Amino acid sequence: MPQRLASCALPVVDRVRELLGDAGVAVTLVGAQGRVLEVVGPNDWFRRRLDHLGLSLGARWSEEEAGTNAFGLALLTREPWAVGKGEHFLEKLAELSCGAAPIVHPFTQRTQGAVGLTALDGRDAQTLAATAALAAEAVQHAMEARSSAHERGLLTHYLRNARSTTAPVLAFSSRIELANGAAARMLGAGDRAVLRRQAEAELAERSSGTIDLALADGDSFNAVVHRVDEADLKQGVVVRAAPTGANRWRPTDGDHHAERSGLEASFVGHSKAVTHVRALAGRVTVDLPVVCFSGEAGTGRLLLARLIAARVRPSAPVVVFDADRSAPFAHHEVAERVTEELRTTPNTVILRHVERLPGAVLAALVGQAADIGELRLLLTRTEAPGSGPSDVFVAGTAGLELRIPPLRERPEDVLDLVPHLVHRVRSTMRVAPALPETLVRHDWPGNVTELEGLLRTVAQRSVKAEMSLIDLPSSYLNSGRTLGRMEHIERLAIIRALQENAGNKSRAAESLGIGRATLYRKLRTYRIDLTSQILVTAAGRPDGR
């Protein structure tokens, strides 16, 4: 057991257990990886019962190894969690009610472990979680009180630098390491280890200096380094990225909107794909006859078209037509309206869903736009998943097609989009670090539109100051894993059972030969939406077939 965690947490665990008296509740301490470090129960029988269920010294209760449980969820989300009777993943734990809360180091903000309360009598898990949260807070206060003077000094210097910049900032000594969000995103564990060695070598004979680090991904990192104590290197080092163009750090949207402008501020993402799209978009001039924005639904084609229209012709009004909203026989009418707008007004025209237009009609529009001599016509084209770009729009012209990749091909952009989109809905709402990291694993078939819809719904329903994993629907918590062949078969069997039983979960579970709690878990695991059209239609039939 880590010495500092033990010295700070065990007295709290013992005191909580003492205050609980004869209540049938055990107090448990687990480490950062979910390993049980201490279990204190009300009596020997209770302790033996927990041992039989696997809540014993040395056992691992992480989410990966024990399925849904309060300890694993608290470690994963860094928030208190309550898992009531019948809600655990493992059947043998069905009788347990648990509440747990993470223990976070007050300086490094790293998760040190979790403290939890467990009952066998079905008592309210939310009450257990609230008590666990108070216990975890007491442990954190004990950690802060026992911190050394040099740790407090390192924290002071780190905050002094981190609060005045959006650049990556790190601070470290022999026992502690601190890093802001920009540093965490840019520097991997290997990069930080090399950075530490270079910084210590640079400061061996001086109090400050500069370093140039080649990162593992081939990029470079230039930084200014200085000692926390000019006379003693052992007191720690602060590293701050130098303000040069070589570094690829970018300020996060929620912190520094004012430092970004134009395309980067509105068309968010740091992937190579989006960076390339922005670079091409930035080179669009008024001399181009036509520009087409292609991509799957929800990728941001209309947004990018509006941004370019505003940049290239800032004084011209923008008029949008949609070929998807016209009946097939009215396509020529849409084309005539676009032609009239181009001929009689100075407006910039955006024509959406041009894939719906006959080729000859579209070619005629492109030709008319080319004759005008300046960029007046912007097109958007919807790709089917897996299809590629098409140059039918710019054939015979000097036009340009910009293809926006789907979000599944640039998942790293989710890290930038989440705080950006949340800020648009509620500018004061914070985002827990674990949330975008979890959403990166989702496939996002609806692309940015799906992500925005999810975050908007969560933000509008929540009364909290911070959005975290606990606010997400379970389908987004369980994304990112490809089902195996047998799992696909099991998922199909569950769907068929629900259809055959008119959506009644109790009867469906009985027909499958499993418990209702097991069915609920599998609905979450396999992301089966009970409101989907297939199940709703089946459930609406009197005979349930």
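Look a little higher up for the structure.
Overview of the structure. Keep in mind the model is a prediction, meaning the values are calculated, not measured. Here the residue index of a chain counts from 1 through its sequence in written order. Given that the model is predicted, a residue must reach a pLDDT of at least 70 before its local features are reported, and side-chain atom pairs must reach 80 or more before they are shown or counted; all residues, however, enter totals for whole chains, interfaces and linings. As a rule here, side-chain values cover all heavy atoms of the structure and leave hydrogens and water aside.

1. Focus on the overall build of the protein
We count a stretch as a helix when DSSP gives it H or I for four or more residues in a row; a strand needs E for two or more, and each element gets its number in order from the N terminus. Along its length, the protein carries 21 helices and 17 strands. Partly exposed describes any residue whose relative accessible area lies between the buried limit of under 20% and the exposed limit of over 50%, with all areas from a 1.4 Å probe on protein chains only and scaled to the type maximum. Counting the 545 residues in the protein, one finds 45% classified as buried. Only heavy atoms enter the contact rule, under which two residues are in contact if any of them lie within 4.5 Å. In the protein, the proportion of contacts linking residues at least 24 apart, taken out of those at least 6 apart, comes to 61%. Total accessible area on the protein is roughly 26,000 Å²; 51% of this is exposed by carbon and sulfur atoms. Using the Shrake-Rupley algorithm and a 1.4 Å probe, accessible areas are obtained, with residue cover drawn only from the displayed protein chains.

2. Considering the sheet that holds strand β4 (residues 97-104)
Picture the strands of a sheet paired through backbone hydrogen bonds; they go either parallel or antiparallel. Between any two strands, pairing holds if DSSP finds at least two bridges. Sheet architecture is open: five strands sit in the order β2-β1-β5-β4-β3, paired in antiparallel fashion. Only two strands of the sheet have a single neighbouring strand rather than two, namely β2 (36-40) and β3 (81-83). On average, each strand axis in the sheet is inclined to that of its neighbour by 20°, with strand direction left out of account. When β3 meets β4, the two strands line up antiparallel, connected through three bridges. Looking at the pairing, V83 lines up with C98 of β4. In this description, a line fitted to the C-alpha atoms serves as the axis of each element, helices being fitted only across the stretch in contact, and the angle between N-to-C directions of two axes falls anywhere from 0 to 180 degrees. Of the strands in this sheet, β1 (25-31), β2, β4 and β5 (111-119) touch helix α1 (residues 3-20), which is tilted by about 170° from β1.

3. Here's the deal with the environment of A74
Looking at the element boundaries, A74 is found in helix α4 (residues 70-77). C-alpha of A74 to C-alpha of I470: the two residues are 396 residues apart in sequence and 10.0 Å apart in space. Beyond its immediate stretch of four places on either side in the chain, A74 contacts E79, W81, A100, A101 and P102.

4. A few points about the pattern of salt bridges
Just to be clear on terms, a salt bridge is a Lys or Arg side-chain nitrogen sitting within 4 Å of an Asp or Glu carboxyl oxygen. Counted by the stated rule, this structure contains 18 salt bridges. With a closest N to O distance of 2.8 Å, E340 and R343 form a salt bridge. In this pair, E340 and R343 are both assigned in helix α12 (residues 331-344), three residues apart and thus about one turn of the helix distant. A relative accessible area of 39% places E340 in the partly exposed class. E452 serves as the salt-bridge partner of R424, at 3.1 Å between the closest nitrogen and oxygen. You can see R424 sitting in helix α14 (residues 414-425) and its partner E452 sitting in helix α16 (residues 447-461), a full 28 residues away along the chain. One network of salt bridges, in which partners are shared, links R381, E383, E401 and R403.

5. Describing the nonpolar core
Residues grouped as a nonpolar core are buried Ala, Val, Leu, Ile, Met, Phe, Trp, Tyr and Cys residues, joined through side-chain atoms within 4.5 Å. Counting residues in each nonpolar core, the largest one holds 23 residues, and the members touching the most others are V36, L50, W61 and L96. With five residues, α4 is the single largest residue contributor to this core. In contact with L96, not counting residues within four places along its chain, are L50, L53, W61, V83, G84, K85, G86, H88, T118, A119 and L120.

6. Here's the deal with the packing of helix α10 (residues 272-282) against helix α11 (residues 301-312)
For the pair α10 and α11, the least separation of the axes is 11 Å and the interaxial angle reads 30°. Taken together, the axes of α10 and α11 lie roughly parallel to each other. Handedness of the α10/α11 crossing: right-handed. Residues V277, A281 and G282 of α10 lie in contact with α11, whose contacting residues are L304, I308 and R311. What sets the label is the angle itself: under 35 degrees gives roughly parallel, over 145 gives roughly antiparallel, 65 to 115 gives roughly perpendicular, and the rest give oblique. When the near helix sits turned anticlockwise from the far one by under a right angle, the crossing is termed left-handed; a clockwise turn instead gives a right-handed crossing.

7. Some thoughts on the sheet that holds strand β13 (residues 348-352)
One open sheet holds the five strands; their spatial order is β12-β13-β14-β11-β15, and the pairing between them is parallel. In this open sheet, the two edge strands, each paired with only one partner strand, are β12 (318-322) and β15 (400-403). Direction aside, the axes of adjacent strands within the sheet are offset by 20° on average.

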